[in-house]
Amino acid sequence: MRSLTHAEYLAMRRFPALDGMRAIAAVMVVFFHFAGPRWAWLNGFLGVHMFFVLSGFLITTLALREENRTGRVSLREFYVRRVFRILPVYYVVLAMIVALAWLRGEWVSSGLPGLLDNYLTFTNEWGPNNSLFGQSWTLGVEQKFYLAWPLLVFTVGAFTFARHALTTVGLLVLAVVGASVLSPQASAAAYFMILVGCLLAFVLHNPRGFAVMRPLTHPVVAIPVAVALIALQSYMIEATAFIGYDMPAPALYAVLVALLVVSTLGRGPVQWILSRPSMVFIGERSYSLYLVQGLAGVVVVSTFPVLQVHRTATGIVVTIVGLCIADLLYRWVEVPMIDRGRQLIGALRRRSRSEVVPSERTREPASADALV
């Protein structure tokens, strides 16, 4: 085991440990909602914070690498990928929840009539909470990030992230402040978590930044980082009370998640655990699992009335049922729609080439072959 080089990091096409982190984050959230007070020590709500850090890191890393390959980042392709990745399964689950509430005669009592506009427009965090789909407030936060982030970085601050990091950081801070103001009912911590992931991607992509972080890529480092993360996870409420402020402890948690990402880039015991097939299976379905947990909870309680009281057994059964539903959604909705997005991007690229190449051949025949 040894530390990674920058070239090895840039050559990585997959970060195996991240599937395990997504799996843990999703299950933590389900247990937070359904496993009862015995699992309160887990502070499962922090699974959402972990999701945010990972999302900011992955999206930014993909953008930086696209710029390296092509010299630019296609906003059109960025939005196409996000639309086909996020929207189809989201709206399918929303339709399932609406149908369930209607069939059970709970359409009005569920509160859905007053929330449907928020759910349809991804302004979820602006509306009151709802037990069936209340967790979707995080999608409202992320959609605003996906909408604003590329516009700020690739238009207002076009290509500055590779050469003028301070400008980019400033733009992202403005994005966080603006989003927090526009979403008063959503925690500003959510945007901070995404920002931590974005900044981690910037640092690792830059050779000098990576040189500073390189010692942390040694696999052995992941062990104390994981221990520290678990300790803070377990005592987050106490840590927040001790500090006396709401943000410092969650901010430290976000930093520890970022350090765990760095320390599991190379092979090691923690990376091995996080990249086991069972972890990958859950991690790949974590988005759908996160969306259907309320639906799964209704199915479980209706089928097994004894589980109406939230306890460990309820959390386990809801997780299993949620995973079964999530697996179907992953196979029948998520993967096919992601493939459709890729096909659309391919078609758009072919059409762009067919429009550009003939005109270039006419104007500059000497350089035509380089454009084909």
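Residues numbered from 1 in each chain as written. Predicted model: local features only at pLDDT ≥ 70, side-chain atom pairs only at ≥ 80, totals over all residues. Heavy atoms only, no water.

Draft legend 1. Broad picture of the overall build of the protein chain. For the protein chain, the helix and strand inventory stands at 17 helices and zero strands. Of all 372 residues assigned to the protein chain, the portion counted as buried reaches 50%. Here the analysis covers contacts within the protein chain between residues at least 6 apart in sequence; of these, 74% occur between residues at least 24 apart. Surface summary for the protein chain: the accessible area is close to 18,100 Å², and the carbon and sulfur share equals 68%. (Helix = DSSP H or I, 4+ residues; strand = E, 2+ residues; numbered from the N terminus. Buried < 20%, exposed > 50% of the residue type's maximum accessible area, 1.4 Å probe, protein only. Contact = heavy atoms within 4.5 Å. Areas by Shrake-Rupley, 256 points an atom, 1.4 Å probe, with all protein chains shown as cover.)

Draft legend 2. Fine view of helix H4 (residues 75-103). Between the first and last C-alpha of H4 there are 41 Å, a value that for 29 residues agrees with the 42 Å anticipated at 1.5 Å per step. Of all the bends in H4, the largest measures some 30 degrees and sits at Val83. Every buried residue belonging to H4 is among Glu77, Phe78, Val80, Arg82, Ile86, Pro88, Val89, Tyr90, Val93, Leu94, Ile97 and Ala101, and all of these are buried. (Expected span 1.5 Å × (residues − 1). Bend = angle between axes of the 7 residues up to and from the residue.)

Draft legend 3. Representation of the confidence of the model for the protein chain within the structure. Here the protein chain averages 86 in pLDDT, while 85% of its residues score no lower than 70. At the low end of the mean pLDDT range in the protein chain sits helix H17 (residues 368-371), at 32; at the high end sits helix H14 (residues 277-284), at 97. Across residues 159-164, where pLDDT falls below 50, the model places 15 contacts with residues more than four positions away in sequence or in other chains. Here residues 359-372 scores under 50 on pLDDT; set against residues more than four positions off or in separate chains, the count is six contacts. (pLDDT = per-residue confidence, 0-100.)

Draft legend 4. Region of the structure containing the nonpolar core. Met21, Phe57, Tyr90, Leu204 and Tyr253 are the most contacted members of the largest nonpolar core, which has 97 residues in total. Excluding its chain neighbours within four sequence positions, the residues that come into contact with Phe57 are Tyr9, Phe15, Leu18, Gly197, Cys198, Leu200, Ala201, Leu204 and Val261. (Core = buried A, V, L, I, M, F, W, Y, C linked by side-chain atoms within 4.5 Å.)

Draft legend 5. Region of the structure containing the packing of aromatic side chains. According to the stated counting rule, one finds 18 aromatic pairs in the structure shown. Summarising the aromatic geometry, the rings of Tyr119 and Phe133 are spaced 5.2 Å apart at their centres and angled 85 degrees between planes, so their arrangement reads as edge-to-face. In this pair, Tyr119 sits in helix H5 (residues 112-120) while Phe133 sits in the loop between H5 and helix H6 (137-156), placing the two residues 14 residues apart along the sequence. You can call Phe133 buried: its relative accessible area is 0%. On the basis of an interplanar angle of 40 degrees and a centroid distance of 5.8 Å, the ring pair of Phe145 and Trp149 is categorised as tilted. Highlighted residues: Phe145 and Trp149, both in helix H6, separated by four residues, approximately one helical turn. When sorted by exposure, Phe145 lands in the same class as Trp149, which is buried. Through pairs of rings, three or more aromatic residues link up here, namely Phe78, Tyr79, Phe145, Tyr146 and Trp149. Across from the ring centre of Tyr146, 5.2 Å away, lies the NZ or CZ of Arg82, which sits over that ring. Lying over the aromatic face of Phe281, Arg285 brings its terminal NZ or CZ to 3.8 Å of the ring centre. (Phe/Tyr/Trp six-rings, centres within 6.5 Å; stacked < 30°, edge-to-face > 60°. Lys NZ or Arg CZ within 6 Å of the ring centre and 35° of its normal.)

Draft legend 6. Region of interest: the pattern of salt bridges. What the rule picks out here adds up to 14 salt bridges. Notably, a salt bridge pairs Glu77 with Arg81, separated by 3.8 Å at the nearest N-O pair. Taken together, the residues Glu77 and Arg81, both in helix H4 and four residues apart, mark about one turn of the helix. Of the residues examined, Glu77 reaches a relative accessible area of 7% and is grouped as buried. Put simply, Glu106 and Arg104 hold a salt bridge, and the shortest N to O gap is 3.1 Å. Relative accessible area serves as the criterion here: at 29%, Glu106 is assigned to the partly exposed category. (Salt bridge = Lys/Arg side-chain N within 4 Å of Asp/Glu carboxyl O.)

Draft legend 7. Structural detail: the side chain of Gln143. One can find Gln143 in helix H6. According to the relative accessible area criterion, Gln143 is buried, its value standing at 17%.

Draft legend 8. Structural context of unusual backbone geometry. The phi dihedral of Asn43 is positive, around 50 degrees, even though this residue is not glycine. With respect to the secondary-structure elements, Asn43 resides in the loop between helix H2 (16-34) and helix H3 (46-70). Looking at Asn43, the relative accessible area reads 5%, which means it is buried. Non-glycine residue Phe122 carries a positive phi angle of around 55 degrees. With respect to the helices, strands and loops of the structure, Phe122 is situated in the loop between H5 and H6. What makes Phe122 buried here is its relative accessible area of 8%.

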